[in-house]
Amino acid sequence: NVPEDQADKLLLASWGLPRAVLEKYHSLGVVQMFEWQAECLTLGQVLEGKNLVYSAPTSAGKTLVAELLILKRVLETRKKALLILPFVSVAKEKKCYLQ
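The protein appears in an unreviewed UniProt entry as DPOLQ polymerase from Atlantisia rogersi.

Enquirer: Honestly, helix α1 (residues 19-27) in this entry has me stumped. Any pointers?
Expert: Note: α-helices contain 3.6 residues per turn, so residues at a spacing of three or four share the same orientation. When α1 is considered as a whole, its buried residues turn out to be Val21, Leu22 and Tyr25. Considered in projection along α1, the buried side chains sweep an arc of 100° and stay on one side of the axis. Exposed residues lying more than 90 degrees from the buried face of α1 are Arg19, Ala20 and Ser27. For α1, the secondary structure elements touched by its buried residues are α3 (62-77) and α4 (88-98). Once α1 ends, the next one or two residues include Gly29, with phi positive near 85°.

Enquirer: Would you mind showing me how to read the nonpolar core here?
Expert: Note on soluble globular proteins: their nonpolar side chains tend to be buried together. Residues Leu12, Trp15, Leu17, Tyr25, Met33, Leu41 and Leu68 are the most contacted members of the largest nonpolar core, which totals 18 residues. Only α1, α2 (35-42) and α3 provide two or more residues apiece to this core. In contact with Leu68, other than residues within four places in its own chain, are Leu12, Leu17, Tyr25, Met33 and Leu41.

Enquirer: How should the pattern of salt bridges be read in this particular structure?
Expert: Pairing between side chains of opposite charge can happen when the charged atoms of each approach one another. Applying the stated rule across the entire model yields three salt bridges. A salt bridge links Lys94 to Glu67; the nearest nitrogen and oxygen atoms lie 2.6 Å apart. Highlighted residues: Lys94 in helix α4 and Glu67 in helix α3, separated in sequence by 27 residues. A relative accessible area of 5% places Glu67 in the buried class. With its nearest N and O atoms 2.9 Å apart, the salt bridge here joins Glu76 to Lys72. Here Glu76 pairs with Lys72, and both are found in helix α3, just four residues apart, close to one helical turn. Since its relative accessible area comes to 13%, Lys72 is described here as buried.

Enquirer: Before we go on, may I ask you to explain the packing of α2 against α3 in this structure?
Expert: Angle between the axes and distance between the axes are the two parameters that describe a pair of packed helices. Packing of α2 against α3 brings their axes to within 10 Å, and their N-to-C directions diverge by 35°. Crossing of α2 over α3 shows right-handed handedness. Note on element contacts: α3 touches α2 through Lys62, Leu64, Val65, Leu68 and Leu69, opposite Trp36, Gln37, Cys40 and Leu41. Its residues assigned to classes, the contact of α2 with α3 shows seven nonpolar, one polar and one charged.

Enquirer: So what exactly am I meant to see when it comes to the environment of Tyr25 here?
Expert: Examined against the element boundaries, Tyr25 turns out to sit in helix α1. In the structure, Tyr25 is positioned 36 residues away from Gly61 in sequence and 13 Å away in space, judged by C-alpha atoms. Dropping the residues within four chain positions of it, Tyr25 is found in contact with Leu12, Val30, Leu64, Glu67, Leu68, Leu71 and Tyr97.

Conventions adopted
Within every chain, residues take consecutive numbers counted from 1 along the sequence as written. Totals for whole chains, interfaces and linings use every residue, but because this is a predicted model, local features are given only for residues with pLDDT of at least 70 and side-chain atom pairs only at 80 or more, for both listing and counting. No hydrogens and no water enter the side-chain calculation; it runs on all heavy atoms of the structure. Accessible area is worked out with a 1.4 Å probe on protein chains only. A residue is then buried under 20% of its type maximum, exposed over 50%, and partly exposed in between. Secondary structure follows DSSP: runs of H or I at least 4 residues long count as helices, runs of E at least 2 residues long count as strands, and numbering of each begins at the N terminus. Note that the arc is defined by the directions from the helix axis to the C-beta atoms. Whether two residues are in contact is decided by their heavy atoms: any pair within 4.5 Å suffices. Buried Ala, Val, Leu, Ile, Met, Phe, Trp, Tyr and Cys residues that are joined via side-chain atoms within 4.5 Å together make up what is termed a nonpolar core. In the sections that follow, a salt bridge refers to a side-chain nitrogen of Lys or Arg positioned within 4 Å of a carboxyl oxygen of Asp or Glu. The angle between two axes is taken between their N-to-C directions and runs from 0 to 180 degrees, where each axis is a line fitted to C-alpha atoms and a helix contributes only its stretch in contact. In this scheme, a crossing is called left-handed if the near helix is turned counterclockwise away from the far one by less than a right angle; it is called right-handed if the turn is clockwise. Residues are grouped as follows: nonpolar covers Ala, Val, Leu, Ile, Met, Phe, Trp, Tyr, Cys and Pro; charged covers Asp, Glu, Lys and Arg; every other residue, Gly included, is treated as polar.

Structure, rendered in structure tokens:
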């Protein structure tokens, strides 16, 4: 249960992402995050490029946190990012998804 003043942080639209990015996530049914995902994005100075180490079970939503951090940093700094994935199939899937 998130306090009402914090509930907007769960919405992807609250994170300053471009409309095209939001539309892509919305087309996949992703409109908001879990509380723990929003907490990861607000810890320390992670949005300014500081490190973040987090752990969650398989299919819990870890990738969304990484994608949002990468997207925000790339869009705000106009620098490149390196996303390392464990399998070629996952890398191909993310390539298509993030384009």
